[in-house]
Amino acid sequence: MGYEITKFNFQDDLASASFNAKFQEIETYLNNIEDELKTVKEENTKLKEQLDNKVDKVTVYPLNQLSVQDLQNGGFEHNYETTTNKANEIGLVSGIWHIKYFKYVSVEGYGFQIALPVTGDVPKWRKAWGNEFKSWQNL
């Protein structure tokens, strides 16, 4: 955003009265710019909130950053993707698995996981009811 201070003609004789009038004109101009900037910032904040409410965020966690307890939590706080080699501890065949969790947003404790094998086996899925996951099923 550029400021057009040059639009104020400073070639005029700047006697005390005209100087005060020019100064007041510039001050009003700058205050209007400040108000416009404040309005733009408020509009951007509202748009961001609307976007955040429409987009389900997915957090990607590196290998084994989520604990077994997190992976078994059907009411995890948000959608995620991760990779784990703690397969036996969550009911999968040994190996490395890529896990994707979908939170059912309107109700706490309900979710859905898909497990994609990096090594061996077939893709699996399971759902959670009331924070507790059911058994893995072949996808």
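Attention in this report is confined to the structure presented alongside it. (Residues numbered from 1 in each chain as written. Predicted model: local features only at pLDDT ≥ 70, side-chain atom pairs only at ≥ 80, totals over all residues. Heavy atoms only, no water.)

## Quick notes on the overall build of the protein
Of the regular secondary structure elements, the protein holds two helices and seven strands. Along the protein, helices and strands appear, N-terminal first, in the series α-β-α-β-β-β-β-β-β. Burial status across the protein gives 24% buried among its 139 residues. Counted over contacts in the protein with a minimum sequence separation of 6, partners at least 24 positions apart contribute 24%. Total accessible area on the protein is roughly 9,600 Å²; 53% of this is exposed by carbon and sulfur atoms. (Helix = DSSP H or I, 4+ residues; strand = E, 2+ residues; numbered from the N terminus. Buried < 20%, exposed > 50% of the residue type's maximum accessible area, 1.4 Å probe, protein only. Contact = heavy atoms within 4.5 Å. Areas by Shrake-Rupley, 256 points an atom, 1.4 Å probe, with all protein chains shown as cover.)

## Here's the deal with the nonpolar core
Counting residues in each nonpolar core, the largest one holds 16 residues, and the members touching the most others are Tyr80, Ile90, Leu92 and Ile99. Of all the elements in the fold, those that place two or more residues in this core are helix H2 (68-71) and strand S3 (97-103). The element that contributes the greatest number of residues to this core is S3, accounting for three residues. Once residues lying within four places of it in the same chain are set aside, the contact partners of Ile99 are Tyr80, Glu81, Thr82, Thr84, Ile90, Leu92, Gln113, Ile114, Ala115 and Trp136. (Core = buried A, V, L, I, M, F, W, Y, C linked by side-chain atoms within 4.5 Å.)

## Here we look at the pattern of salt bridges
Evaluated as defined, the whole model comprises two salt bridges. With its nearest N and O atoms 2.9 Å apart, the salt bridge here joins Glu81 to Lys100. Taken together, the positions of Glu81 in strand S2 (residues 79-84) and Lys100 in strand S3 put the pair 19 residues apart, joining distant regions of the chain. Overall, Glu81 belongs to the partly exposed group, its relative accessible area being 21%. With a relative accessible area of 23%, Lys100 lands in the partly exposed category. (Salt bridge = Lys/Arg side-chain N within 4 Å of Asp/Glu carboxyl O.)

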